[in-house]
Structure formats: structure tokens, C-alpha cells
Amino acid sequence: MLLSAVLAWLTAQIVKTILYAAVNHTLDWQRLFGDGGMPSGHSATVTALAVSAALVYGLGSAAFAVSAILAIVVMHDAMGVRLEAGKHARAINELMELLGSSVAPEEKLQEFLGHTPMQVVLGALLGAAVAFVMP
């Protein structure tokens, strides 16, 4: 189960980095370990864990119940609080720039925090696929 979850996270992060590079024409290695973006690494991880638990222990098991609830909470948070925090960070950074504040790049607020519903769904589908492919 752990290997499935870690592999799903790693796959999502690699895909996210490649997609970011393709869209922005620049390779940003921070995307490999960063939050936010397409697909959701968080969703891929917790979905792979829940699907693996279902496959190994069954849908009626405690392992599946706990991992399924964890997946729901993580994905809900990614689309809710974290997505809104990222929007606020972007607005604050733009406001600081507009006001002419000299903020060092490392002091700017992190904008890639949450996920859109599509990013979460695609991350979940990726996680499920990884879990089904794992032996």
C-alpha cells in the first residue's frame, strides 16, 4: 500500500513538472516537490492508498475505511482552503508589487497551494490507475 501511494505521488509530481514546463516553456524544478498544479499529487497519493487498501483488505476493512476518509478530507481541503489560500497569496503578491514594495523573491507568498476540481479528479484517477497496476 505504501509503495503504491509513493509511486502515485512521484508519478503525479513528474507529470506536473512536465506539464508546467510544456505550458510555460521553462523547467521549474520546484514543481517536482511543490504543491498545486495538474495533476494533484495529494489526490493521487491518498487515492492510491485507499484503492490499495480496498484491493488488499477489502471494502469492509478498517484499513479501507480510514484511508477512504483520509482521501476525502485531503481532496476536499485541496479544493477548498488550500485553493483559496493560493488565490489570496497571489492577490497579496500582486498588491505588494502594485504598491512598489521591494519584497525579496524568497519572501513572496507561495501561490501554488491548492487545486481546482479537475486537478483533483485527474490526480485521483492517476492514483487509482497506479494502485491497479501495482502487483
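Residues numbered from 1 in each chain as written. Predicted model: local features only at pLDDT ≥ 70, side-chain atom pairs only at ≥ 80, totals over all residues. Heavy atoms only, no water.

A. Inspection of the nonpolar core at higher detail. One finds A8, A12, A44, A48, V51, A128, V130 and A131 forming the largest nonpolar core, which totals eight residues. Residue assignment for this core shows that the elements contributing at least two residues are α1 (2-24), α2 (41-57) and α5 (117-133). Here A131 is in contact with S4, A48, V51, S52 and L55, once residues within four sequence places are set aside. A71, V74, M75 and A78 belong to the second-largest nonpolar core, a separate cluster that totals seven residues. (Core = buried A, V, L, I, M, F, W, Y, C linked by side-chain atoms within 4.5 Å. Buried < 20%, exposed > 50% of the residue type's maximum accessible area, 1.4 Å probe, protein only. Helix = DSSP H or I, 4+ residues; strand = E, 2+ residues; numbered from the N terminus. Contact = heavy atoms within 4.5 Å.)

B. Expanded view of the packing of helix α3 (residues 62-79) against α5. Running from N to C, α3 and α5 cross one another at 150°; their axes reach a closest spacing of 9 Å. Here α3 is positioned roughly antiparallel relative to α5, judged by the angle of their axes. In this structure, α3 crosses over α5, and the sense of that crossing is right-handed. When α3 is examined against α5, the residues M75, A78 and M79 are found in contact with a partner set consisting of P117, V120 and A124. (Axes fitted to C-alpha atoms, helices over the stretch in contact; angles between N-to-C directions. Parallel < 35°, antiparallel > 145°, perpendicular 65-115°, else oblique. Left-handed = near helix turned anticlockwise from the far one by under 90°.)

C. Up close: the side chain of Q119. Mapped onto the fold, Q119 is located in helix α5. Looking at Q119, its side chain comes within polar contact range of the main-chain nitrogen of T116, at 2.8 Å. (Polar contact = N/O pair within 3.5 Å; in protein donor to acceptor, adjacent residues only side chain to side chain.)

D. Broad picture of unusual backbone geometry. Here the phi dihedral of H25 falls at roughly 55°; this positive angle occurs in a residue that is not glycine. Note on placement: H25 falls in the loop between α1 and α2.

E. Examining α2 more closely. Taking 1.5 Å of rise per residue, the 17 residues of α2 would be expected to cover 24 Å, and the 24 Å separating its terminal C-alpha atoms lies within 8% of that figure. For α2, every residue scored as buried is listed here: G41, S43, A44, V46, T47, A48, A50, V51, S52, A53 and A54. Along its buried surface, α2 packs onto α1, α3 and α5. Sitting at the head of α2, S40 places a side-chain oxygen 3.4 Å from the backbone nitrogen of H42. (Expected span 1.5 Å × (residues − 1).)

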